[in-house]
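Structural overview
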Amino acid sequence: MLGSLFTEQYAFSQSDSIIVIGLGTFGGAVAQSLIELGNDVMGIDSSEETVQEWAHKLTYAVQADATDAQVLRQLGVADFSHAIISIGNDMSANLMALLAVSELNIKDIWVKAMSPKHGHIAQRIGAHHVVYPEADMGRRIAHMVTSRMMDYIEFDDGYAIAKIWAPPPTHNKSLTESIVRGKFGVTIVGVKRSNEDFVHATPETRILPGDILIVSGPKHLVEKFSAAAKEN
């Protein structure tokens, strides 16, 4: 679930070449999700057993010391478009791998951080992006538990997308009639009805009880819309 959250929130272009360093729970899930999205993925881990487990799942799986820039260079890591440092149980190894990758001038480096301090250091020494998957997942689950949200993705710019059951104020009305954007400041971008395909919403789209809505907008307004729906 953490891996799919990462790939949903930080989408890569299809057919990108991506190196994932550390094939633990998070790194492995990310690597698998990226493969399923059609990317070329090389996984590197220090554990021979882990590499054997992933050998037939990824484009390449290599046992190597990812903290050594020369080793990474010999593996052709410098030719990859993106690098994801997902070593999660050893901050020192995580940062050393980041330094090694930075020496190869990869244009896009992501680091899984275990704390804000770790993330700050990572940014200072070369990370272009820092993610906190456990914290992100915690917020996502909290929103799902305390509201009518079935799923929730929050972005860094204060924007959010949520999947919710259609609230009563939208029932049996078109989007023009319910004036969702005017009343709540959010946009209904899609509708899924039982036994029917997902459809993109238009002003004429009519919402029925039991429909599932994909809602987007500023985070606080998406939350407010979901809370209002829960109260009804």
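For the structure, see preceding data.
Everything in this summary refers to the structure shown in the same document.

What counts, and at which threshold
Residues numbered from 1 in each chain as written. Predicted model: local features only at pLDDT ≥ 70, side-chain atom pairs only at ≥ 80, totals over all residues. Heavy atoms only, no water. Helix = DSSP H or I, 4+ residues; strand = E, 2+ residues; numbered from the N terminus. Buried < 20%, exposed > 50% of the residue type's maximum accessible area, 1.4 Å probe, protein only. Contact = heavy atoms within 4.5 Å. Areas by Shrake-Rupley, 256 points an atom, 1.4 Å probe, with all protein chains shown as cover. Phe/Tyr/Trp six-rings, centres within 6.5 Å; stacked < 30°, edge-to-face > 60°. Lys NZ or Arg CZ within 6 Å of the ring centre and 35° of its normal. 1 Å grid on protein atoms, 1.4 Å probe; cavity = no way out; pocket = protein on both sides within 12 Å on 5 of 7 lines; lining within 4 Å. Points joined across faces, edges and corners; volume = space filled by probe spheres on them. Nonpolar A, V, L, I, M, F, W, Y, C, P; charged D, E, K, R; others polar. Axes fitted to C-alpha atoms, helices over the stretch in contact; angles between N-to-C directions. Parallel < 35°, antiparallel > 145°, perpendicular 65-115°, else oblique. Left-handed = near helix turned anticlockwise from the far one by under 90°. Expected span 1.5 Å × (residues − 1).

Check the secondary structure of the protein and you find 10 helices and 13 strands. Expressed as a percentage of the 232 residues in the protein, the buried residues total 45%. For the protein, the proportion of contacts with a sequence separation of at least 24, taken over those separated by at least 6, is 56%. As displayed, the protein offers around 11,700 Å² of accessible surface, 52% of which is attributable to carbon and sulfur atoms.

The subject of this paragraph is the packing of aromatic side chains. For the coordinates displayed, the defined rule picks out 1 aromatic pair. The ring centre of Trp54 lies 4.7 Å from the NZ or CZ of Lys57, which sits over that ring.

Before going further, it helps to spend a moment on the layout of surface pockets. Size it by volume and the largest pocket reaches roughly 330 Å³. Gly22, Asp45, Ser46, Ile87 and Asn89 are the residues nearest the centre of the largest pocket, which is lined by 20 residues in total. Sort the elements by how many residues they give to the lining of the largest pocket and helix 2 (residues 25–36) lands first, with 3 residues. Its residues assigned to classes, the lining of the largest pocket shows 8 nonpolar, 9 polar and 3 charged.

Two elements in contact, helix 5 (residues 91–102) and helix 6 (residues 116–124), have axes whose closest approach is 10 Å; the angle formed by their N-to-C orientations is 20 degrees. Classed by the angle they form, the pair helix 5 and helix 6 counts as roughly parallel. Judged by the twist between their axes, the crossing of helix 5 over helix 6 is right-handed. Contact residues: Met91, Asn94, Leu95 and Leu98 in helix 5; His118, Ile121 and Ala122 in helix 6. Considering only residue class, the contact of helix 5 with helix 6 consists of 5 nonpolar, 2 polar and no charged.

Turning our eyes to something else, we now look at helix 2. A rise of 1.5 Å per residue sets the reference length of helix 2, with its 12 residues, at 16 Å; its end C-alpha atoms lie 17 Å apart and thus fit the reference within 8%. Taken together, the buried positions of helix 2 are Phe26, Gly27, Gly28, Val30, Ala31, Ser33 and Leu34. Phi for Gly38, located one or two positions after helix 2, is positive at around 95 degrees.

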